[in-house]
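Listed below are the residues making up each chain.
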Amino acid sequence: NYSIEIYAVNDLHGKFFDSLYVGNQANSSSLANVSQYLKVRRSEIGDAKIAMIDLGDALQGDNSVFYANYIDTATTQKHLFTRVMEYIGYDAMVVGNHDIEAGHRVYDKIMSETTIPYLAANTIDVKSGKSYFKPYTIFSKDGVDIAVIGMTNPNIKKWLGEELWSGMDFLPIEYVADSLVREVREKFSPDIVVLAIHAGLGDGSP
């Protein structure tokens, strides 16, 4: 028998730290709180039994990530988001529409500087016809092979100016999901396939 815990954080919006920057007020729903919880769980069951996925929209919202995106641009160190994800030990990150809002300079830097897979299978490089970001990743946890396929919101071109997503196109999720699940299963035979999607579910109507 195997017991694996998969955790996912969605719509973080830059809330990496537990401070609200005003007096001594604390943010009780920050990634710092998640990090502390994971430390406890890892001490209880072991790091090999825990998988972590970020589901997107981390690069917009909080003062700290605004500073990292647009003010602290001359530094040669890794982006704050990269450092936080690596410190906590994420296994995969999904691109959200607000992450594209940060612009090429920001998300291209993050993609190039970390070994954590940055996923968005339905984001297409118009020059190559391939995924601009990685489509999926495969990793093992305590002998269990897990495939994570990442998808972002296909409406980005309607919401954001072209300068933020130039060179990319965004396919409807249903156009690529089934074929990628089949591809991953045929090539890698994982024990678990996770569709990690940053998109609303609508009102549930068919």
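See the structure printed just above.
Described below are features of the structure shown in this document. Remember, it's a predicted structure, so these values are computed and weren't measured experimentally.

Following both chains from N to C, one finds helix 1 (residues 31-45) and helix 3 (residues 80-88) inclined at 20°, their axes separated by 10 Å at the closest point. In this view, helix 1 runs roughly parallel relative to helix 3, as classed from their interaxial angle. Read as a crossing pair, helix 1 and helix 3 show a hand that is left-handed. Contacts between helix 1 and helix 3 involve Leu31, Ser35, Leu38, Lys39 and Arg42 from the first element and Val84, Met85, Tyr87 and Ile88 from the second. Split by residue class, the contact of helix 1 with helix 3 holds 6 nonpolar, 1 polar and 2 charged.

Next up on the list: the sheet that holds strand 9 (residues 192-197). Across the sheet, which stays open at both edges, the 3 strands sit in the order 6-7-9 with mixed pairing between neighbours. At either margin of the open sheet sits one strand with a lone partner, and together these are strand 6 (136-141) and strand 9. Taking the axes of each pair of neighbouring strands and ignoring which way they run, one obtains an average angle of 25° across the sheet. Of the pairings in the sheet, the one linking strand 6 to strand 7 (residues 144-151) comprises 6 bridges and is antiparallel in character.

Next up on the list: the packing of aromatic side chains. Going through the model one piece at a time under the given rule, you end up with 10 aromatic pairs. Ring centres of Tyr107 and Phe133 lie 5.7 Å apart, and the angle between their planes is 55°; this geometry places the pair in the tilted category. Linking Tyr107 in helix 5 (residues 104-113) with Phe133 in the loop between strand 5 (123-125) and strand 6, this pair joins segments that are 26 residues apart in sequence. Accessibility assignment for this pair places Tyr107 and Phe133 in one class, buried. Connected via pairs of aromatic rings, a cluster forms that spans Phe16, Phe17, Phe81, Tyr107, Tyr118, Tyr132 and Phe133.

A few words now on the side chain of His198. Checked against the element boundaries, His198 lands in the segment after strand 9. For His198, a relative accessible area of 5% corresponds to the buried category. Among the polar contacts made by the side chain of His198, one reaches the main-chain carbonyl oxygen of Leu55 at a distance of 2.8 Å. Polar side-chain contacts of His198 include one of 3.0 Å to the side chain of Asp57. For His198, the residues in contact, after removing those within four places along its chain, are Asn10, Asp11, Leu55, Gly56, Asp57, Val94, Val95, Gly96, Asn97, Met151, Thr152 and Asn153.

Taken in spatial order, the 4 strands make up an open sheet running 1-2-3-4, and their pairing is parallel. The two strands at the open ends of the sheet, each matched to only one other strand, are strand 1 (5-9) and strand 4 (118-119). Pairing geometry for strand 2 (residues 50-54) and strand 3 (residues 92-94), over 2 bridges, is parallel. The residue of strand 3 that forms the bridge with Ile53 is Ala92.

Take helix 1 next. Relative to the 21 Å expected for 15 residues at 1.5 Å per residue, helix 1 spans 21 Å between its end C-alpha atoms, a close match to the ideal helical length. Residues Leu31, Ser35, Leu38, Arg41 and Arg42 constitute the buried set of helix 1. Looking straight down helix 1, one finds its buried side chains confined to an arc of 130°; they lie on one side. Against the buried residues of helix 1 lie strand 1, strand 2 and helix 3.

Analysis parameters
- Residues numbered from 1 in each chain as written.
- Predicted model: local features only at pLDDT ≥ 70, side-chain atom pairs only at ≥ 80, totals over all residues.
- Heavy atoms only, no water.
- Axes fitted to C-alpha atoms, helices over the stretch in contact; angles between N-to-C directions.
- Helix = DSSP H or I, 4+ residues; strand = E, 2+ residues; numbered from the N terminus.
- Parallel < 35°, antiparallel > 145°, perpendicular 65-115°, else oblique.
- Left-handed = near helix turned anticlockwise from the far one by under 90°.
- Contact = heavy atoms within 4.5 Å.
- Nonpolar A, V, L, I, M, F, W, Y, C, P; charged D, E, K, R; others polar.
- Pairing = 2+ DSSP bridges.
- Phe/Tyr/Trp six-rings, centres within 6.5 Å; stacked < 30°, edge-to-face > 60°.
- Buried < 20%, exposed > 50% of the residue type's maximum accessible area, 1.4 Å probe, protein only.
- Polar contact = N/O pair within 3.5 Å; in protein donor to acceptor, adjacent residues only side chain to side chain.
- Expected span 1.5 Å × (residues − 1).
- Arc of directions from axis to C-beta.

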